[in-house]
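Okay, here's what each chain looks like letter by letter:
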Amino acid sequence: GVLGSALQMDKEVAKRLLHAAGLPVTQWRAFHARELPLSQAALAGIQRALHLPVFTKPANSGSSVGISKVERWDQLPKALAMAARYDHKLLVEQGVDAREIEVALLGSNPIEASVVGEIRTQHSFYDYEAKYVDESTELLVPALIDEATSDRARELAVRAMQVLEGEGLGRVDFL
């Protein structure tokens, strides 16, 4: 539906709703492009709340377009400016050193969760090139994870789709 599509396209609103529903999400801070360059106080606030690495991204984009991995705080202003090329709402998200898995979803009542898949890339993160250009990126189905983790990911994916009013076809990514 219209609302479900809008909620899922806006990463910042989606994160707020998922967090409010008790689902695990990475820590983040949101900004508007008109706030750039960020004040020293805003930059200091990010540094207090998050630790390196962090990711900057446009809130309303897909396929990792406009996303940067920030490994030094002096890279943050440039990374935010890059994200602002694609959207007026920007996110700074906590980086997580973890494997990336995904669950496909089908239906609306009930929502059915697929077998869990795992994405493996040689890139520092699953960026646009890793997704669409680099043939060494692997998708392992089923993911090489234990049954309890698989069951938990599938359960969380269904709950996320319900919270964000998804129906039909969806995908939830996990770190």
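Because the structure is a prediction, the values reported are computed rather than measured.

### Re unusual backbone geometry
- Geometrically, the link from L52 to P53 is a cis peptide bond, its omega value of 0° lying close to zero.
- Within the secondary structure layout, P53 lies in the loop between α3 (40-49) and β2 (54-58).
- Cis rather than trans, the peptide bond between N109 and P110 has omega equal to 10°.
- As for its position among the elements, P110 is in the loop between β5 (100-107) and β6 (111-113).
- For S64, which is not glycine, the phi dihedral falls at a positive 65°.
- Within the secondary structure, S64 sits in the loop between β2 and β3 (68-70).

### Some remarks on the sheet that holds β2
- The antiparallel open sheet is built from four strands, whose spatial order is β1-β4-β2-β3. Of all the strands in the sheet, the pair left with one neighbour each is β1 (28-32) and β3. Strand-to-strand twist across the sheet, computed as the mean angle between neighbouring axes with direction ignored, equals 25°.
- Bridge analysis of β1 against strand β4 (residues 89-94) gives five bridges, and the strand direction is antiparallel. Counterpart to R29 in the pairing with β4 is V92.
- Taken strand by strand, helix α4 (residues 76-84) contacts β2, β3 and β4, and its axis lies near 25° from that of β2.

### With respect to the nonpolar core
- By size, the foremost hydrophobic cluster in this structure holds 21 residues, and its most contacted members are V103, L105 and F174.
- Of all the secondary structure elements, the ones that give two or more residues to this core are α2 (11-20), β5, β6, α6 (147-163) and β9 (168-174).
- Among the elements that take part in this core, α6 stands out by supplying six residues, more than any other.
- Within the second largest apolar cluster, 13 residues are counted, among which are L43, I46, L50 and V54.

### Quick look at the pairing of β2
- For β2, a buried count of five out of five residues is recorded, marking the element as mostly surrounded by other parts of the structure.
- Every second residue of β2 is oriented toward a common face, with V54, T56 and P58 on one face and F55 and K57 on the other, all of them buried.
- With three bridges connecting them, β2 and β3 associate as antiparallel partners. Within β3, the position partnered with F55 by the bridge is K69.
- Summarising the sheet, β2 and β4 pair through five bridges and their orientation is antiparallel. Of the residues in β4, the one forming a bridge with K57 is L91.

### A look at the packing of aromatic side chains
- According to the stated counting rule, one finds two aromatic pairs in the structure shown.
- A centroid spacing of 5.1 Å and a plane angle of 75° characterise the contact between F55 and F125, whose relative ring orientation is edge-to-face. Of this pair, F55 sits in strand β2 while F125 sits in the loop between β7 (117-120) and α5 (128-132), and the two are 70 residues apart along the sequence.
- Overall, F55 belongs to the buried group, its relative accessible area being 15%.

### Here we look at a nonpolar patch on the surface
- On the surface, V115, L139 and V141 cluster together into a nonpolar patch covering about 280 Å² of accessible area.
- Locating V115 in the fold gives a position in the loop between β6 and β7.

### As for the pattern of salt bridges
- Taken as a whole, this structure holds twelve salt bridges when the rule is applied.
- Of the charged contacts, one joins E12 and K89 as a salt bridge, the two residues approaching to 3.3 Å between their closest N and O atoms. In this pair, E12 sits in helix α2 while K89 sits in strand β4, placing the two residues 77 residues apart along the sequence.
- Judged by relative accessible area, which is 10%, E12 ranks as buried.
- Salt-bridge contacts for E102 lead to R171; the nearest nitrogen and oxygen are separated by 3.5 Å. Of the two residues, E102 is situated in strand β5 and R171 in strand β9; the sequence distance between them amounts to 69 residues.
- Under the relative-accessibility criterion, E102 is labelled buried at 18%.

Rules used in this analysis
- Residues numbered from 1 in each chain as written.
- Predicted model: local features only at pLDDT ≥ 70, side-chain atom pairs only at ≥ 80, totals over all residues.
- Heavy atoms only, no water.
- Helix = DSSP H or I, 4+ residues; strand = E, 2+ residues; numbered from the N terminus.
- Pairing = 2+ DSSP bridges.
- Axes fitted to C-alpha atoms, helices over the stretch in contact; angles between N-to-C directions.
- Contact = heavy atoms within 4.5 Å.
- Core = buried A, V, L, I, M, F, W, Y, C linked by side-chain atoms within 4.5 Å.
- Buried < 20%, exposed > 50% of the residue type's maximum accessible area, 1.4 Å probe, protein only.
- Phe/Tyr/Trp six-rings, centres within 6.5 Å; stacked < 30°, edge-to-face > 60°.
- Patch = residues over 30% accessible without salt bridge, like charges linked within 9 Å, V, L, I, M, F, W, Y side chains within 5 Å.
- Areas by Shrake-Rupley, 256 points an atom, 1.4 Å probe, with all protein chains shown as cover.
- Salt bridge = Lys/Arg side-chain N within 4 Å of Asp/Glu carboxyl O.

Nothing here speaks to function; it is geometry throughout.
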